[in-house]
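Single-letter residue listing:
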Amino acid sequence: EYFRDFEKVAANFDVRTFTEDFLITSDFLIVFNIESKAIFLGEPVFTNDISEANSKEFYLYFNEENIIKAEMIDDVRVDFKSEEGDAEYTNWVTSDIAEFFFEEGEIVKCIAEGITDTYFEQTKDKKNSRSNSSGNILTIDIIDNEITSISMKNKVVGTYFFEN
């Protein structure tokens, strides 16, 4: 349904929004043209080649027709693969809030805040590393759909294993 006075579009019941790179499903969607944002409610799920994320609320922010930021709020869980092409989601993050920053259609950074729990597992050159940790702020940097760095701040506790 289009609301001309407010320049907004509303859709409900099994909403599916997709591009070449991702799919978002939810029960309800409101698009605000003036504010350049979209709000997904009712168990929204974001899926792309390397991850699946869900929360109670999901916001997309646009600059012209490009996504520049996404926010997930309340009961956030992101499951993701170590590398594109892996069959299973072996890694995960849970938090109160997660922000994803985009450049040229690709996620380049994720910041999770609140009570943040994580599990990461990675194999490089036949060497394994994994961590299970908790903290208040998690930052993940991503280049070409591959995690390049992970940092956690404030009240950090965890178990880390690195194979040489």
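See the structure above.
Residues numbered from 1 in each chain as written. Predicted model: local features only at pLDDT ≥ 70, side-chain atom pairs only at ≥ 80, totals over all residues. Heavy atoms only, no water.

(A) Seen up close, the side chain of Ser 55. Within the secondary structure, Ser 55 sits in the loop between β6 (51–54) and β7 (57–63). The buried category is assigned to Ser 55, whose relative accessible area is 6%. A distance of 2.6 Å separates a polar side-chain atom of Ser 55 from the backbone oxygen of Glu 57. Here Ser 55 is in contact with Glu 43, Pro 44, Met 72, Ile 73, Asp 74, Asp 75 and Val 76, once residues within four sequence places are set aside. (Helix = DSSP H or I, 4+ residues; strand = E, 2+ residues; numbered from the N terminus. Buried < 20%, exposed > 50% of the residue type's maximum accessible area, 1.4 Å probe, protein only. Polar contact = N/O pair within 3.5 Å; in protein donor to acceptor, adjacent residues only side chain to side chain. Contact = heavy atoms within 4.5 Å.)

(B) Structural view of the pattern of salt bridges. All told, the structure shown has five salt bridges when counted by the stated rule. Close ionic contact of Lys 56 with Asp 75 constitutes a salt bridge, the shortest N to O distance being 3.1 Å. Here Lys 56, found in the loop between β6 and β7, pairs with Asp 75, found in strand β8 (residues 66–80); they are 19 residues apart in sequence, far enough to count as distant. Classification of Lys 56 by relative accessible area gives partly exposed; the value is 45%. When the shortest N-O distance is used, the salt bridge between Glu 99 and Lys 69 registers 3.0 Å. Taken together, the positions of Glu 99 in strand β9 (residues 91–103) and Lys 69 in strand β8 put the pair 30 residues apart, joining distant regions of the chain. Relative accessible area serves as the criterion here: at 15%, Glu 99 is assigned to the buried category. Given a relative accessible area of 21%, Lys 69 falls into the partly exposed group. Put simply, Lys 69, Glu 71 and Glu 99 are held in one network by salt bridges that share partners. (Salt bridge = Lys/Arg side-chain N within 4 Å of Asp/Glu carboxyl O.)

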